[in-house]
Amino acid sequence: MNLKISALEYAEGVQNGSISAEDFVACTLEQIEKVDEKIHAFLSVYEGAVDKARDIDKRIKSGETVGACCGMPISVKDNICITGEKTTCGSRMLEDYVSPYDATVISRLRDEDAVFVGKTNMDEFAMGLTTEFSAFGPSYNPWDTSLTPGGSSGGSAASVSAFECSASLGSDTGGSVRNPASFCSVVGYKPTYGLISRYGLVSYANSIEQIGPLSRTVKDTAFLLDVIAGSDPLDNTTVDSTGGYLSGIESGIEGKKIGLVSEMTGEGIDSAVASATSSAVSKLEGLGATCEEVSLDMVKYSVASYYTITATEAGSNLARYDNLRYGYDFGVEGYEFNSYIERARSKFGAEVTRRMILGGFVPSAGHAGRYFLKALKVKSKLSREMGHAFEKFDLLLSPTVPVLPFGIGDKIDDPVSLFLVDINTVTANLTGRPAVSVPFAVSGGRPIGMQLMADSMRDAELLQAAFALEQTVRLPEVPI
Amino acid sequence: MVTEDEIRHVAGLMKIKVDDYSGYVEKVNAMISYFDILDSAGVESEEIPFHEISVSSLREDCHVPFDGSLIEHLKHYRGAYVRAPKMSR
C-alpha cells in the first residue's frame, strides 16, 4: 500500500475501487506503530479507525454514497475536541480530560466520512514553537530526528510528513501551523480570521487564533478548506465561506503583483533561506507575476505586540483551570479554595507558568499603558499597513521562518531567540489575513518553506498562488 | 526590571504557586525587556479599533440536549452538586 499518495488521490482511489479504505487505514496505523517511537507525533492513537474505514468500504460496495473524505485518515492536534476522546492540550493539567462534544471542524469532517486516527503532540496549551514544551515530551522532525519539527502543531506536521495520516488539523495563533509545516516540508494553512469555526478548539488567544489544515499538497489543503470552512452559529466570529477553493486552484498567477516584505527578509535571515527566497521570486516571475519589495514598518514590533496580547489573553483563558470543572484526580478535602487552585496549577509546565505570570503583569495597573495598550495599537497600525500594501499588491511573500530547522534543545533556554523565530508569521495573525506555507527547498537536509499572504477573504486567490508556486519545485523525499 | 517579589505578587494574583520564584526572574525579565521595543513604535496617537455586534446578531441561547450525564465528566461531585474546596480559611 502506497501511503505517500495525496489525500485527494486516496479519495479518488476509494471512489473508483482501486483502494480499500480499510486496508489504507490499517496500513496507516501500522506506519504509526512503526515510526512513531522515533517521531512521537501522536499522544493517542485510535485503533477503532480500521472499523470505521471498513464500514466506508461496505457502504460503497452496497451502492451507498459516502462523503467526500471517503474514510481519509486524519490526525488532529490535541487541543481540538473529539467526543469521547482525550483532549490533553499537551498538559498534565488535562491529562485525563475526555471531551463530551465534537468541535465544529470535527463534525464537518465526520459528515464527509473522514476517519480520525489519533491526536497529535503539541506545546502545552499551544505555547511554544518546537513542541519541546509538551508535558509528554517533544516530537521529532522526520527529516532528521535531532531537529525540532517546529510547533506548536509539531505533532500534526510530523504526522503528515512521516505518512502517519493523509492530512491533519492544527491551530495557528502566531504561526503554529505554518512554522512546523515549513520545518517538516508540508503545506500549512492559516485562514482568514473567522473562516474556520473555533468552536471546540481549546482557547489560547481567541482574538487571533485559527484552526488550519496541514497536508502534503496545496490541493489537499484546498479540499479540506472546502469541507471545514464557513459560518457556524456556535462561533460568532465566523464568516461565510465563498467555497470553491479546490475548483479554481489551477487559475495561475499571471499578471499578479507580489510584494516581498523587506522586514521579513533582512537582518537575521539564514543565507540558505535568503537564497531560497530569491529563487521563489524568480519562479513566481517566471509564472507571469511581478515582484517588488514592500516595507511594513510595524513588522519590527509585531513579535513584541503578539507576545503581549497572547500572554494577556492566555492569562485570562487559563484562569478556567481550577481543577474543578476540568482537570486531574486531586482531592479537594482539606484545602481552602485558593490554596487548592494554586496547588492544582502546579501541574502547569514552566513555559505556561511564565506566560501566565506575563499575562498577569503586562495588562496590570501601572503597566498596561506601556505594554498591552501599545501592543493593541501596533496591531491596529500593522493592519492598516497591510491594507495599504494590498491596495498595491495581490499577495505578499516571505520565507515562513527566517532560519533553518534547529536542533532539539538549541533555543529552549533563550525565550527571546525563540520569539524571533515567529517574526514572519505573527503578522498574518495580528491582522487576520490568510497565509500559507508551501514546501520550497531543502538545504543540507533541512526543509525551507515559503509563505504567501493575501488580503482578508482572498483565501481562494492565495491557494491558487500557493499551488502555482508548489508546481515549480520538485523536492527530495523525506528520509524516513 | 521585574523583581522576585513582583513575580511572587503577580503569581499570587494569577493563583499560581511555584517552588522557586527566583528561577523565573531571568526569563521573565528577558521577555519584558524585549517588550520595551514597543516604546519606540511611535503609536501613541493610534486609535484601538473595535467591532460592535448588535445583540440581535448573537446566537440564541438555547438548550442543547446532551446524551449523557455531564456531571460524571467531573472528578469531584456528589449527586447533582460539584464538590469544591471550602471558601474560607
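This one's a predicted model, so the numbers in the text were calculated from it and none came from an experiment. (Residues numbered from 1 in each chain as written. Chains lettered and ligands numbered in written order. Predicted model: local features only at pLDDT ≥ 70, side-chain atom pairs only at ≥ 80, totals over all residues.)

Points about the overall build of chain A
Next up, step 1: Looking only at helices and strands, chain A features 15 helices and 11 strands.
Next up, step 2: For 480 residues, the compact-globule formula gives about 23 Å, and the C-alpha radius of gyration of chain A, at 21 Å, lands near that figure.
Next up, step 3: Each of the three principal axes of chain A carries a C-alpha extent, and together these read 65 × 55 × 45 Å.
Next up, step 4: Expressed as a percentage of the 480 residues in chain A, the buried residues total 61%.
Next up, step 5: Long-range contacts, defined as pairs at least 24 residues apart, comprise 76% of the intrachain contacts of chain A with a sequence gap of at least 6. (Helix = DSSP H or I, 4+ residues; strand = E, 2+ residues; numbered from the N terminus. Rg over C-alpha atoms; globule rule 2.2 N^0.38 Å. Buried ≥ 20, exposed ≤ 12 C-beta atoms within 10 Å, placed from the backbone. Contact = placed C-beta atoms within 7 Å.)

Quick word on helix α10 (residues 337-344) of chain A
Next up, step 1: Every buried residue of α10(A) is listed here: A:Y340, A:I341 and A:A344. Buried positions in α10(A), seen along its axis, are confined to an arc of 95° and lie on one side of it. (Arc of directions from axis to C-beta.)

Details of unusual backbone geometry
Next up, step 1: Omega for the bond connecting A:G151 with A:S152 falls within 30 degrees of zero, at 10°, which places this linkage in the cis form.
Next up, step 2: Here A:S152 is to be found in the loop between β3 (115-120) and α5 (154-161).
Next up, step 3: At A:F125, a residue that is not glycine, the phi angle is positive and equals roughly 50°.
Next up, step 4: Positionally, A:F125 belongs in the loop between β3 and α5.
Next up, step 5: You will see that B:K15, though not glycine, has its phi angle at about 55°, which is positive.

A short note on the confidence of the model for chain B
Next up, step 1: For chain B, per-residue confidence averages 88 on the pLDDT scale, and residues scoring 70 or more make up 99% of the total.
Next up, step 2: For this predicted complex, the interface confidence comes out at an ipTM of 0.90, alongside a pTM of 0.96. (pLDDT = per-residue confidence, 0-100.)

Observations regarding the interface of chain A and chain B
Next up, step 1: In this assembly, 44 residues from chain A lie in contact with 42 residues from chain B.
Next up, step 2: Elements represented by at least two residues in the side of chain A that touches chain B include exactly α9 (299-317), α10, α11 (350-361), α12 (372-392) and α13 (415-421) of chain A.
Next up, step 3: A breakdown of the residues in the side of chain A that touches chain B according to their chemical character gives 24 nonpolar, 10 polar and 10 charged. (Nonpolar A, V, L, I, M, F, W, Y, C, P; charged D, E, K, R; others polar.)

Digging into the pairing of strand β10 (residues 435-443) of chain A
Both faces of the sheet carry side chains from a regular strand, because those side chains alternate between them.
All names here are of chain A.
Next up, step 1: With seven of nine residues buried, β10 lies mostly within the body of the structure.
Next up, step 2: Alignment of strand β5 (residues 187-190) against β10, held across three bridges, turns out to be antiparallel. Of the residues in β10, the one forming a bridge with Y189 is V436.
Next up, step 3: Pairing of β10 with strand β11 (residues 446-454) involves eight bridges; the strand directions are antiparallel. (Pairing = 2+ DSSP bridges.)

Points about the environment of A:V281
Residues and elements named next belong to chain A.
Next up, step 1: Checked against the element boundaries, V281 lands in helix α8 (residues 271-286).
Next up, step 2: Classification of V281 as partly exposed rests on a count of 19 C-beta atoms within 10 Å.
Next up, step 3: Those residues within four positions of V281 in sequence are excluded, and the remaining contacts are L260 and C291.

Considering the pairing of strand β7 (residues 257-261) of chain A
Residue and element names in this part refer to chain A.
Next up, step 1: For β7 and strand β8 (residues 290-294), the ladder comprises five bridges, and the chain directions are parallel. Directly across from L260, in β8, lies its bridge partner E293.
Next up, step 2: Viewed along the sheet, the connection from β7 through α8 into β8 turns out right-handed. (Right-handed = clockwise from strand over helix to strand, strands pointing away.)

Concerning the nonpolar core
Generally speaking, a soluble globular protein has its nonpolar side chains buried in company with each other.
Residues and elements named next belong to chain A.
Next up, step 1: Within the largest apolar cluster, 168 residues are counted, with the highest numbers of intra-cluster contacts made by M72, I74, I357, L395, L452, L463 and A466.
Next up, step 2: Ranked by residue count, the leading element in this core is α9, at nine residues.
Next up, step 3: Excluding anything up to four places from it in sequence, M72 contacts A7, Y10, A11, A114, V115, S166 and A167. (Core = buried A, V, L, I, M, F, W, Y, C linked by C-beta atoms within 7 Å.)

Remarks on the sheet that holds strand β2 (residues 73-77) of chain A
All names here are of chain A.
Next up, step 1: Strand order across the open sheet formed by 11 strands is β1-β3-β2-β4-β6-β5-β10-β11-β9-β7-β8, with mixed pairing between neighbours. Pairing within the sheet leaves two strands with one partner each, and these edge strands are β1 (42-45) and β8. When the angles between neighbouring strand axes are averaged without regard to direction, this sheet yields 30°.
Next up, step 2: Looking at chain direction, β5 and strand β6 (residues 210-215) are connected through two bridges and run antiparallel. (Axes fitted to C-alpha atoms, helices over the stretch in contact; angles between N-to-C directions.)

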